[in-house]
Amino acid sequence: MTATPQPQDIVYDPSDPAVMANPFPVYAKLREADPVHWSPSLKSWIITRYTDVRDLLLSDHLSVNRLIQFYKALPPADAALLKDIIHYLSLWLAFRDPPDHTRVRRIMRHAFTAKAIEEMRPNVVEITDMLLDRLEASGKNDVDLIREFALQLPAFVIMDLLDVPRDMLDDFKEWSDDMAVFIGGARNSGDKYTRAARGCAKMSTYFRQLIRERTANPKPSFLMDLINARDAGEKLSDDELVATCILVLFAGHETTTNLIGNAALLLMRHDDQRAKLRENPELIDSTIEEVLRFDGPTNALVRVVAQDHELHGCKMREGQRVFVMVNSANRDPRIFDDADRFDISRQQNRHLTFGQGIHLCLGAKLAREEGRVAVKRLFDRFPDLALDPDEPPAWLDAMVPRGTRRLPVRLKG
């Protein structure tokens, strides 16, 4: 008989390579023995059960506005370095509470319409086929699927959306990576403040100039819709427009890159489910939903305690940081039957990957569409796609995003 784990026996170390590759066993232990876990190393609460994660995401007890407190606690030199990035990040929907969040989201919804997302599908298909054609024409069999496909597809989609030339991919990837070491909670980057400041400066300067040019020379586009978006006469300020462009580019490509990469990895590791999808292509929608649940692109969402309260007898104090572990919640057997089984035909699948409540991801519909097109066409084109037996996937060293930074594959097995 296996002994029940005790809270004091459980160590959650997200920098452990084994945990990066497979965090789910430690999540299971935490859900059972210590669902409101205080991590001394992270100086944060770790919340792992589905109901607690869902309720906290809907609760006024937590706030998304964790940047100001962090900024005030910085040494003067670091505060000066990070001044601009904190300014722009503070304008992101992801870091704003009501009423500011309510006003900005209401305005943004005039650009993020279902019709606008639907009109992007032909472009998603075109970019997907272009990248697959390029892979096939390269003559290579061993490739990094992230670099050659999963990263480029959503990046090009978002760049087209924002009127950014595709030949700027390398620049935007560099700037985005610089910001990601700060925003995504990278564990082992000693120069992350310098890199984040540099990436933000480059991106904000570029978008400010682009918005100025597009305003002077209007043409139909999503960016123009964003510039013109009004709600009850209100519009986004210049800084809010720049911040929103940075958010759309950063969040819009990173999450979808990880979704595509994780989907490919899961289907390569589960031959029975790959065969099921091949025989039942209509299951592509439920396949993407199951990827989002089983090993989704968002490992955790970060909040700060807004007011003292208790959860399962634990006293959560104002100002303390909280990681609500979405990927753990999505494997909670209290909610999902056979939760640790990857089943692309799963019907009851109310995962929390895109959040809950007022902070539900505005780009979720586009991410799903890109995932459906990318996965279906990738495996249609390369039905024998297989993991490289000599080089395992390399996982991101981060708390928030969940995905591989390298995914070595053989296109033809």
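Preceding this paragraph is the structure being described.
All figures in this text were calculated on a predicted structure; none of them were measured in a lab. (Residues numbered from 1 in each chain as written. Predicted model: local features only at pLDDT ≥ 70, side-chain atom pairs only at ≥ 80, totals over all residues. Heavy atoms only, no water.)

Here's the deal with unusual backbone geometry
Item 1. Between P98 and P99 the backbone carries a cis peptide bond, its omega angle lying at 5 degrees.
Item 2. As for its placement among the helices and strands, P99 is situated in the loop between α6 (83–89) and α7 (100–108).
Item 3. Despite not being glycine, D163 shows a phi value in the positive range, around 65 degrees.
Item 4. Along the chain, D163 falls in the loop between α11 (152–161) and α12 (169–183).
Item 5. When its relative accessible area of 17% is taken as the criterion, D163 is described as buried. (Helix = DSSP H or I, 4+ residues; strand = E, 2+ residues; numbered from the N terminus. Buried < 20%, exposed > 50% of the residue type's maximum accessible area, 1.4 Å probe, protein only.)

Topic: the side chain of S90
Item 1. Tracing the sequence through the fold places S90 in the loop between α6 and α7.
Item 2. A polar contact is formed between the side chain of S90 and the backbone oxygen of I86, at a distance of 2.7 Å.
Item 3. Apart from the residues within four sequence positions on either side, S90 is in contact with L67, I68, F95 and R96. (Polar contact = N/O pair within 3.5 Å; in protein donor to acceptor, adjacent residues only side chain to side chain. Contact = heavy atoms within 4.5 Å.)

A short note on helix α15 (residues 238–269)
Item 1. Compared with the 46 Å implied by 1.5 Å per residue over 32 residues, the 47 Å span of α15 between its first and last C-alpha is a close match.
Item 2. With respect to burial, α15 is a largely interior element, 27 of its 32 residues being buried. (Expected span 1.5 Å × (residues − 1).)

Some thoughts on the sheet that holds strand β5 (residues 301–305)
Item 1. Read across the open sheet, the 5 strands follow the order β1-β2-β8-β5-β3; overall the sheet is mixed. The sheet is open, and its two edges are formed by β1 (36–39) and β3 (62–63), each paired on a single side.
Item 2. Here β5 pairs with strand β8 (residues 321–324) via 4 bridges, running antiparallel. Its bridge partner lying in β8, R303 is registered against V322. (Pairing = 2+ DSSP bridges.)

Things to note about the environment of P99
Item 1. Residue P99 is classed as exposed on the basis of its relative accessible area of 65%.
Item 2. Taking C-alpha positions, P99 is 37 Å from W395, a pair spaced 296 residues apart along the chain.

A word on the nonpolar core
Item 1. Counting residues in hydrophobic clusters, the biggest one holds 105 residues, and the most contacted among them are W92, F149, L162, M179 and F207.
Item 2. With 17 residues, α15 is the single largest residue contributor to this core.
Item 3. Among residues more than four places away in sequence, those in contact with L162 are F207, L210, F222, L223, C245, V248 and L249.
Item 4. With 20 residues, the next largest nonpolar core counts V36, I47, L62 and V305 among its residues. (Core = buried A, V, L, I, M, F, W, Y, C linked by side-chain atoms within 4.5 Å.)

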